[in-house]
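Given next are the chains, with one letter for each unit.
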Amino acid sequence: MTVAVRVPEELSARVPAEQRGPGLDRDAVRLLVSRGTEVSHHVFAELPRLLRAGDLLVVNTSPTLAAAVDGWVGHTRVVVHFSTRGDDGRWAVELREPDGKGTTRARAGGPEGTEVRLPEGVRLVLEEPLSGRGERLWWAGVSGAEVPALLREHGRPIRYSYTERDQPLDVYQTVFSLPAEDGTGSAEMPSAARPFTARLVAEAVSRGVQFAPITLHTGVASAEVHEPPYPERFAVPEASARLINAVRAGDGRVIAIGTTAVRAVESATGDDGVVRARAGWTDLVVTPERGVRVVDGLLTGLHEPEASHLLMLEAVAGRAAVGRSYEEALRGLYLWHEFGDVHLILPEEGPHAVRCSRNSG
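The notes below deal with the structure included here. Keep in mind the model is a prediction, meaning the values are calculated, not measured.

Cut-offs applied
- Residue indices begin from 1 for each chain and proceed along its sequence in written order.
- Local features in a predicted model are, by the rule used here, given only for residues with pLDDT of at least 70; side-chain atom pairs are given and counted only at 80 or more, and totals for whole chains, interfaces and linings are based on all residues.
- Note: side-chain values were computed over all heavy atoms of the structure, leaving out hydrogens and water.
- Think of a salt bridge as a Lys or Arg side-chain nitrogen and an Asp or Glu carboxyl oxygen that are within 4 Å of each other.
- Note on conventions: DSSP H or I runs of at least 4 residues are helices, E runs of at least 2 residues are strands, and numbering of each starts at the N terminus.
- Exposure is judged per residue with a 1.4 Å probe applied to protein chains only, and the accessible area is read against the type maximum: over 50% gives exposed, under 20% gives buried, and values in between give partly exposed.
- The rule for pairing is simple: two strands pair if DSSP sees at least two bridges between them.
- Axis definition: a line fit to C-alpha positions, over the contact stretch in the case of helices; interaxial angles, taken between N-to-C directions, run 0 to 180 degrees.
- Aromatic rings from Phe, Tyr and Trp, with only the six-membered ring used for Trp, were paired whenever their centres fell within 6.5 Å, and each pair was classed as stacked if the ring planes differed by under 30 degrees, edge-to-face if by over 60, and tilted otherwise.
- Contacts described as polar in this section are N or O atom pairs within 3.5 Å, which, within protein, must combine one atom able to donate a hydrogen with one able to accept it, while residues neighboring in sequence count only if both atoms come from side chains.
- Contacts are residue-level and defined by heavy atoms, with any inter-residue pair within 4.5 Å sufficient.
- Of all possible arcs, the one meant is that of the directions from the helix axis to the C-beta atoms.
- A helix is expected to reach a length of 1.5 Å times the quantity of its residues less one.

1. Concerning the pattern of salt bridges
Pairing is possible between side chains of opposite charge, provided their charged atoms come close.
Now for step 1: Applying the stated criterion across every chain, the model contains 26 salt bridges.
Now for step 2: Measuring nitrogen to oxygen at the nearest pair gives 4.0 Å for the salt bridge that ties Arg 49 to Glu 203. On the criterion of sequence distance, the pair formed by Arg 49 in helix H1 (residues 47-50) and Glu 203 in helix H3 (residues 198-206) is long-range, its members being 154 residues apart.
Now for step 3: A salt bridge links Glu 127 to Arg 90; the nearest nitrogen and oxygen atoms lie 2.8 Å apart. With Glu 127 in strand E9 (residues 123-131) and Arg 90 in the loop between strand E5 (76-85) and strand E6 (91-98), this residue pair connects regions lying 37 residues apart in the sequence.
Now for step 4: Residue Glu 127 is classed as partly exposed on the basis of its relative accessible area, which comes to 32%.
Now for step 5: The network of salt bridges with shared partners includes Asp 88, Arg 90, Glu 127 and Glu 128.

Structural data, given as structure tokens:
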């Protein structure tokens, strides 16, 4: 366990902020701000005023897929979570069992050759585990339809047991989401950006804050054992790389919106600290030992103590700062998970704090 906290069940956000009362929008969530071990409490609508002219927000444009599809293995009903499309056209998938409550529970993976019947005669066959790490995710061949079309017609967003009910797909899209040309996207929403609204983005721009788009398609997370992320497809375009390097050369701060943005940008950064346009697969896991080379700050959701994401937070802010923030979040009854409140990690104030916080190793 990285941070010694236990999250009470009642602190799980069960519905999106805009559904909690009349007149609310997505930005009606709370914002915990930490600078080192100094913590302050805000509402998300205050974010533009907490930033400075010249700051750069790195945002993930990956759209969320309706990645859960009902199927059958023999006479047994299963739910297929489509995670990632491979270069060879196969898909990494996770098979789960319906729990009778509209969500799912873990199911033993495999074995090789398992056939799943999907809607409209589509067939899926498990071929091999995605990695030697375990058998939760399998590479599978799909016949009878293109998977993006199948998901559009028969899929629904992946939903976890702490949520109250199914939600339409647009609830899981962020203001930065853009359709991918090949129909792929993220199996789970890049949720740190969810509280942004068009109005809030416009206010940030009016205050001199800039935005750099990247793409990282997130796979299916491990809801039960919180294993580190598998390789994911990403792209950092030339224009964004140049903008990040320019901001780093000046007085601005590079603030990643979500752990996905950190993973993409750090994957495109060389040992010399320069960000270059890059696209492909990343297996990077950001840890305190590895450190961060580019990112000064991070906006992210609140993660469970077992989540590997907390190692990334420690790489950005340090263990003491993360522990202090999470103590305050629990004390303040902040809400967890993708519909919950958010945490903004900023560099400590001071003449040397920003640049010296970067780790080039």
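2. So, the sheet that holds strand E16 (residues 342-346)
Now for step 1: Read across the sheet, nine strands follow the order E2-E1-E16-E15-E13-E3-E11-E12-E14 without closing on themselves; strand pairing throughout is mixed. At either margin of the open sheet sits one strand with a lone partner, and together these are strand E2 (38-43) and strand E14 (278-282). Strand after strand, the sheet turns through a mean of 20 degrees between neighbouring axes, direction not considered.

3. Quick word on unusual backbone geometry
Now for step 1: One non-glycine residue, Glu 120, lies in positive phi territory at about 60 degrees.
Now for step 2: Assessed through its relative accessible area of 65%, Glu 120 is described here as exposed.
Now for step 3: The phi angle at His 337 is positive, at roughly 80 degrees, despite the residue not being glycine.
Now for step 4: Mapped onto the secondary structure, His 337 falls in the loop between helix H7 (319-331) and E16.
Now for step 5: Since its relative accessible area comes to 15%, His 337 is described here as buried.

4. Topic: the packing of aromatic side chains
Now for step 1: Taken as a whole, this structure holds seven aromatic pairs when the rule is applied.
Now for step 2: Seen in terms of ring centroids, Phe 82 and Trp 91 are 5.9 Å apart; in terms of plane orientation they differ by 85 degrees. Their pairing is edge-to-face.
Now for step 3: Phe 82 gets classed as buried once you look at its relative accessible area, which sits at 0%.
Now for step 4: Between Phe 176 and Phe 211, the ring centres sit 5.9 Å apart and the planes meet at 40 degrees, which makes this aromatic pair tilted. With Phe 176 in the loop between helix H2 (147-154) and H3 and Phe 211 in strand E11 (residues 210-216), the pair connects residues that are 35 residues apart, well separated along the chain. Each member of the pair, Phe 176 as well as Phe 211, is classed as buried.

5. Let's talk about the side chain of Thr 84
Now for step 1: When you line up the elements, Thr 84 lands in strand E5.
Now for step 2: A polar atom in the side chain of Thr 84 sits 3.3 Å from the side chain of Ser 83.
Now for step 3: Ignoring anything within four residues of it in the chain, the contact list for Thr 84 reads Arg 90, Trp 91, Ala 92, Trp 139, Gly 219 and Trp 281.

6. Things to note about the side chain of Thr 184
Now for step 1: Along the chain, the position of Thr 184 falls in the loop between H2 and H3.
Now for step 2: Excluding anything up to four places from it in sequence, Thr 184 contacts Pro 63, Leu 65, Arg 85, Trp 91 and His 217.

7. Digging into H3
Now for step 1: Leu 200, Val 201 and Ala 204 are the residues of H3 that are buried. For H3, the angular spread of buried residues about the axis comes to 100 degrees, placing them on one side. In H3, the exposed positions that point more than 90 degrees away from the buried face belong to Ala 198, Arg 199 and Ser 206.
Now for step 2: For H3, the elements touching its buried residues are H1 and E11.

8. Notes on H7
Now for step 1: In this model, H7 (13 residues) spans 18 Å end to end at C-alpha, consistent with the 18 Å of a helix rising 1.5 Å per residue.
Now for step 2: Considered for burial, the residues of H7 that qualify are Ala 321, Val 322, Gly 323, Ser 325, Tyr 326, Glu 328 and Ala 329.
Now for step 3: The secondary structure elements touched by the buried residues of H7 are strand E1 (30-35), E2, strand E15 (297-301), helix H6 (309-317) and E16.

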